[in-house]
Amino acid sequence: MLKSNSKKYRENIRAYIVENFNPEWYTKTPPETFLEIACFILHDFRSEKYHIPEDLSYYHSEFDAFSDWCAGLPTLLNTCYFYNRSAVDDLCKILEEPAEEKARYTEEQAVNLLTSMIYIELLRAENEMRGLGRIK
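Q: I tried to follow the nonpolar core on my own but got confused; where do I start?
A: Looking at soluble globular proteins, one finds that nonpolar side chains tend to be buried together. Counting 40 residues, the largest nonpolar core has Ile 17, Ile 41, Phe 66, Tyr 81, Met 117, Ile 118 and Leu 122 as the members making the most contacts within it. Where this core is concerned, the elements lending two or more residues are helix H1 (7–19), helix H2 (34–49), helix H4 (62–71), helix H5 (87–95) and helix H6 (107–131). It is H6 that contributes the most residues to this core, nine residues altogether. Each residue touching Tyr 81, except ones within four places of it in the same chain, is listed here: Tyr 16, Cys 70, Ala 87, Asp 90, Val 111, Leu 114, Thr 115 and Ile 118.

Here it is in structure tokens:
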């Protein structure tokens, strides 16, 4: 099992996000780097789900709003693991766990963990972009 601070884990979760990113309906010139993709996803999520005062008071945290957005199957980010794809399989692939370890997770636990891992990695990328001075 990979640790969440390992280089390989970060490569795997970033590859997973890029693989499930679909900007087709959003822009004619899609972002190219992972950092740009992450910021694009967060911007879209916030503009749809977490930007007006009512949103801020309805959700307990931005993560709760993100999780709700993912459960709604956004077009921009394929989150079918919520409904018709095994979140356990996706999670174990990212963490490079052997098949026998799959029994450790229920689908609900895997959905919550996978959503959390995606959200955290998107925030890390956004912070990297801030550090580069590319966003404020």
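Q: Whenever I open this one, the pattern of salt bridges confuses me. Can you help?
A: Oppositely charged side chains are able to pair whenever their charged atoms sit close together. Applying the stated criterion to the full structure yields 13 salt bridges. Ionic pairing is found between Lys 8 and Glu 96, a salt bridge with its closest N-O pair at 3.8 Å. Placement of the pair is Lys 8 in helix H1 and Glu 96 in the loop between H5 and H6, with a sequence separation of 88 residues. For Lys 8, a relative accessible area of 37% gives the class partly exposed. Through salt bridges with shared partners, a single ionic network connects Arg 10, Arg 14, Glu 121, Arg 124 and Glu 128.

Q: Please explain unusual backbone geometry as it appears in this structure.
A: Glycine aside, negative phi is the norm for most residues, and most peptide bonds take the trans geometry. For Leu 73, which is not glycine, the phi torsion reads 55° and is therefore positive. Mapping Leu 73 onto the fold places it in the loop between H4 and H5. Judged by its relative accessible area of 39%, Leu 73 falls in the partly exposed class. You will see that Glu 96, though not glycine, has its phi angle at about 55°, which is positive.

Conventions and cut-offs
Residues numbered from 1 in each chain as written. Predicted model: local features only at pLDDT ≥ 70, side-chain atom pairs only at ≥ 80, totals over all residues. Heavy atoms only, no water. Core = buried A, V, L, I, M, F, W, Y, C linked by side-chain atoms within 4.5 Å. Buried < 20%, exposed > 50% of the residue type's maximum accessible area, 1.4 Å probe, protein only. Helix = DSSP H or I, 4+ residues; strand = E, 2+ residues; numbered from the N terminus. Contact = heavy atoms within 4.5 Å. Salt bridge = Lys/Arg side-chain N within 4 Å of Asp/Glu carboxyl O.

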